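Observations on the three-dimensional arrangement
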Amino acid sequence: QVQIVESGGGLVQPGGSLRLSCTTDRNILRIYTMGWYRQTPGNQRELVATISRGGTTNYADFVKGRFTISRDNSRVNTVYLQLNSLTAEDTGTYYCAAYSRGVREYVYWGQGTQVIVSS
């Protein structure tokens, strides 16, 4: 079992920024594609961004260049999600997860970190 822990959420004003961190208890970034999901109030969980084992990134259309997913090469078990130009619609819980190509689904999930965008 892989443990995933998210951090970095909080209260931020519209237009502000946050950096979310996702830390795993072992080096799985060379094995799994990592993804950030979010669940906003009244909506289903949706994929925000992914980063593959090779470092290829993909983003949901609603990100519109505002968010950046990255890995810290000096910390082999950490993935980040930089959130910029936040709006109230970005309020929600953000989850980090690991995708298994074998079973073709996200198999390991963190507990989430809450982001609140409000003035």
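Rules used throughout
- Throughout this document, residue positions are counted from 1 along each chain, in the order its sequence is written.
- Given that this is a predicted model, residues contribute local features only at a pLDDT of at least 70 and side-chain atom pairs are listed and counted only at 80 or more, while totals for whole chains, interfaces and linings are drawn from all residues.
- By convention in this description, side-chain values take in all heavy atoms of the structure and omit both hydrogens and water.
- When two cysteine sulfur atoms are found within 2.5 Å, that pair is recorded as a disulfide.
- Where helices and strands are cited, they refer to DSSP runs of H or I of at least four residues and of E of at least two residues respectively, numbered from the N terminus.
- The cut-offs for exposure are 20% and 50% of the maximum accessible area for each residue type, with area from a 1.4 Å probe on protein chains only; residues under the lower value are buried, those over the upper are exposed, and the others partly exposed.
- We call two residues in contact whenever any of their non-hydrogen atoms come within 4.5 Å of each other.
- Side-chain rings of Phe, Tyr and Trp (the six-membered ring for Trp) are treated as a pair once their centres are within 6.5 Å; stacked means planes under 30 degrees apart, edge-to-face means over 60, and tilted covers the remaining angles.
- Remark: a charge is flagged as sitting over a ring if the NZ atom of Lys or the CZ atom of Arg is within 6 Å of the ring centre and within 35 degrees of the ring normal.

Bringing the state of the cysteines into the picture now. Inspection of every chain in the model, using the stated rule, returns one disulfide. Cys-22 shares a disulfide with Cys-96; S-S distance 2.0 Å. As the torsion about the S-S bond is roughly -70°, the Cys-22-Cys-96 disulfide counts as left-handed. Taken together, the residues Cys-22 in strand 3 (residues 18-24) and Cys-96 in strand 9 (residues 92-100) connect sequence positions 74 residues apart. According to the relative accessible area criterion, Cys-22 is buried, its value standing at 0%.

Looking now at the environment of Gly-112. Note on placement: Gly-112 falls in the loop between strand 10 (105-109) and strand 11 (113-117). Classification of Gly-112 as partly exposed rests on a relative accessible area of 24%. Separated by 106 residues in the primary sequence, Gly-112 and Glu-6 place their C-alpha atoms 5.7 Å from one another. Excluding its chain neighbours within four sequence positions, the residues that come into contact with Gly-112 are Glu-6, Thr-93, Tyr-94 and Tyr-95.

Turning next to the packing of aromatic side chains. This structure, assessed with the given rule, holds six aromatic pairs. Here Tyr-37 and Tyr-106 contribute two aromatic rings whose centre-to-centre distance is 5.2 Å and whose plane-to-plane angle is 85°, an arrangement assigned as edge-to-face. Placement of Tyr-37 in strand 4 (residues 33-39) and of Tyr-106 in strand 10 is noted, with a sequence separation of 69 residues between them. For the pair Tyr-37 and Tyr-106, one class covers both residues: buried. Between Tyr-106 and Trp-109 the ring centres are 6.0 Å apart and the planes differ by 55°, which places this aromatic pair in the tilted class. A residue is classified by how much of its surface remains accessible, and Trp-109, at 29% relative accessible area, is partly exposed. One aromatic cluster is present, built from ring pairs that chain together Tyr-37, Tyr-95, Tyr-99, Tyr-106 and Trp-109. Seen from the ring of Tyr-95, Arg-45 lies directly overhead, with NZ or CZ sitting 4.0 Å from the centre. One residue, Arg-45, lies across the ring of Trp-109, its end atom 4.6 Å from the ring centre.

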